[in-house]
Amino acid sequence: MQLPVPDTLRPGTFTAYIEKIDIAILFQLNSNRNTSLDGIMEFITNLAPTLAFVIPSSILIYFLIQRKKRRWLEGLLLLLTVSIPALITTIIKWYFDRPRPFSVYDIFEKLSVAGSPSFPSGHTTDAMAMAIALSLWKPKWYVILPSFIWALLTAWSRMHLGVHYPSDVLGGASVGLIFGALVWWVGKRSFNVTLS
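To start, this report covers the structure provided alongside it. All values reported here derive from a predicted model rather than from experimental measurement.

**Overview of the environment of Ala133**
Turning to step 1, where the next piece is worked out: Position of Ala133 relative to the elements: it lies in helix H5 (residues 122–137).
Turning to step 2, where the next piece is worked out: A C-alpha to C-alpha distance of 5.8 Å links Ala133 and Leu78, two positions 55 residues apart in sequence.
Turning to step 3, where the next piece is worked out: If near-sequence neighbours (up to four positions away) are discounted, Ala133 is found in contact with Leu78, Thr81, Val82 and Trp184.

**Examining the side chain of Ser121**
Turning to step 1, where the next piece is worked out: With respect to the element layout, Ser121 can be found in the loop between helix H4 (101–104) and H5.
Turning to step 2, where the next piece is worked out: Relative accessible area serves as the criterion here: at 0%, Ser121 is assigned to the buried category.
Turning to step 3, where the next piece is worked out: Here the side chain of Ser121 touches Thr124 through a polar contact of 2.8 Å, side chain to side chain.
Turning to step 4, where the next piece is worked out: Once you skip the residues sitting within four places of it in the chain, Ser121 turns out to touch Thr89, Arg158, His164, Asp168, Val169 and Gly172.

**Thoughts on the side chain of Asp168**
Turning to step 1, where the next piece is worked out: Within the element layout of this structure, Asp168 appears in helix H7 (residues 166–190).
Turning to step 2, where the next piece is worked out: The buried category is assigned to Asp168, whose relative accessible area is 0%.
Turning to step 3, where the next piece is worked out: Among the polar contacts listed, one links the side chain of Asp168 to the backbone nitrogen of Tyr165, at a separation of 2.9 Å.
Turning to step 4, where the next piece is worked out: In this view, Asp168 contacts Arg98, Ser118, Phe119, Pro120 and Ser121; residues no more than four positions away in its chain are not counted.

**As for the pattern of salt bridges**
Turning to step 1, where the next piece is worked out: Using the criterion set out here, one finds six salt bridges in the structure.
Turning to step 2, where the next piece is worked out: The partner of Glu19 in a salt bridge is Arg98, with the nearest N and O atoms 3.2 Å apart. Of the two residues, Glu19 sits in helix H1 (residues 14–31) while Arg98 sits in the loop between helix H3 (69–96) and H4, which places them 79 residues apart along the sequence. Across the pair, Arg98 and Glu19 agree in class, each one buried.
Turning to step 3, where the next piece is worked out: A single salt-bridge network, built from bridges that share partners, covers Glu19, Asp22, Arg98 and Asp168.

**Structural notes on H3**
Turning to step 1, where the next piece is worked out: Helix length check: H3, at 28 residues, gives a terminal C-alpha distance of 40 Å against a target of 40 Å (1.5 Å per residue), a fit within 8%.
Turning to step 2, where the next piece is worked out: Those residues of H3 that sit buried are Leu73, Glu74, Gly75, Leu77, Leu78, Thr81, Val82, Pro85, Ala86, Thr89 and Lys93.
Turning to step 3, where the next piece is worked out: Taken from the residues just after H3, Asp97 is the one with a positive phi, measuring 50 degrees.

**Considering unusual backbone geometry**
Turning to step 1, where the next piece is worked out: The amide bond that connects Phe119 to the next residue, Pro120, takes the cis arrangement and shows omega of -10 degrees.
Turning to step 2, where the next piece is worked out: Its location among the elements puts Pro120 in the loop between H4 and H5.
Turning to step 3, where the next piece is worked out: Phi is positive for Asp97, which is not a glycine, with a value near 50 degrees.
Turning to step 4, where the next piece is worked out: With respect to the helices and strands, Asp97 occurs in the loop between H3 and H4.
Turning to step 5, where the next piece is worked out: Owing to a relative accessible area of 46%, Asp97 belongs among the partly exposed residues under this scheme.

**Describing the packing of aromatic side chains**
Turning to step 1, where the next piece is worked out: Counted under the stated rule, the structure contains six aromatic pairs.
Turning to step 2, where the next piece is worked out: With a centroid separation of 5.5 Å and 90 degrees between ring planes, the pair formed by Phe96 and Phe119 is classed as edge-to-face. Placement of Phe96 in helix H3 and of Phe119 in the loop between H4 and H5 is noted, with a sequence separation of 23 residues between them.
Turning to step 3, where the next piece is worked out: Classification of Phe119 by relative accessible area gives partly exposed; the value is 22%.
Turning to step 4, where the next piece is worked out: Across from the ring centre of Trp137, 5.1 Å away, lies the NZ or CZ of Lys138, which sits over that ring.

What counts, and at which threshold
- Residues numbered from 1 in each chain as written.
- Predicted model: local features only at pLDDT ≥ 70, side-chain atom pairs only at ≥ 80, totals over all residues.
- Heavy atoms only, no water.
- Helix = DSSP H or I, 4+ residues; strand = E, 2+ residues; numbered from the N terminus.
- Contact = heavy atoms within 4.5 Å.
- Buried < 20%, exposed > 50% of the residue type's maximum accessible area, 1.4 Å probe, protein only.
- Polar contact = N/O pair within 3.5 Å; in protein donor to acceptor, adjacent residues only side chain to side chain.
- Salt bridge = Lys/Arg side-chain N within 4 Å of Asp/Glu carboxyl O.
- Expected span 1.5 Å × (residues − 1).
- Phe/Tyr/Trp six-rings, centres within 6.5 Å; stacked < 30°, edge-to-face > 60°.
- Lys NZ or Arg CZ within 6 Å of the ring centre and 35° of its normal.

Laid out in structure tokens, this is it:
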């Protein structure tokens, strides 16, 4: 099958090359998807932003109730580690203003809500930032493994549901991981947090 490339892209350019790869991968993940997974993928994608903010917020509230300053600073740091990458992604989204794949190509089926620009994926940023935050907070396999499995499933769900290109997901994951780790590192030193 000859997959389309937008008229605005000159053949042979790096952007056109990336676009072709994006389209080919997304075609396999969305147009040729296992439709029996649609409901599960929609559940994962809908829950991702909520979990990313509810888990750190709940930890912060719990430590505030305990009235232990050192511990609630950990909760605040967790919340910042998720919030700042989310803000950065929002700024990048509106700067690049990339159209969603389903709005450019009729070969992709939109199976989820998608209102903002496409690049980078906000859901993936949220999930990856939460995964890195929890993993740096409690570096135990039983925290790291489920956190990253959830983040990877969230990333996959965005493509399965036809609302993001693979490069959007890769961009969102990069913002979540890099800025999440950076915020954690700076915040840990600024707050002088000693993790228990």
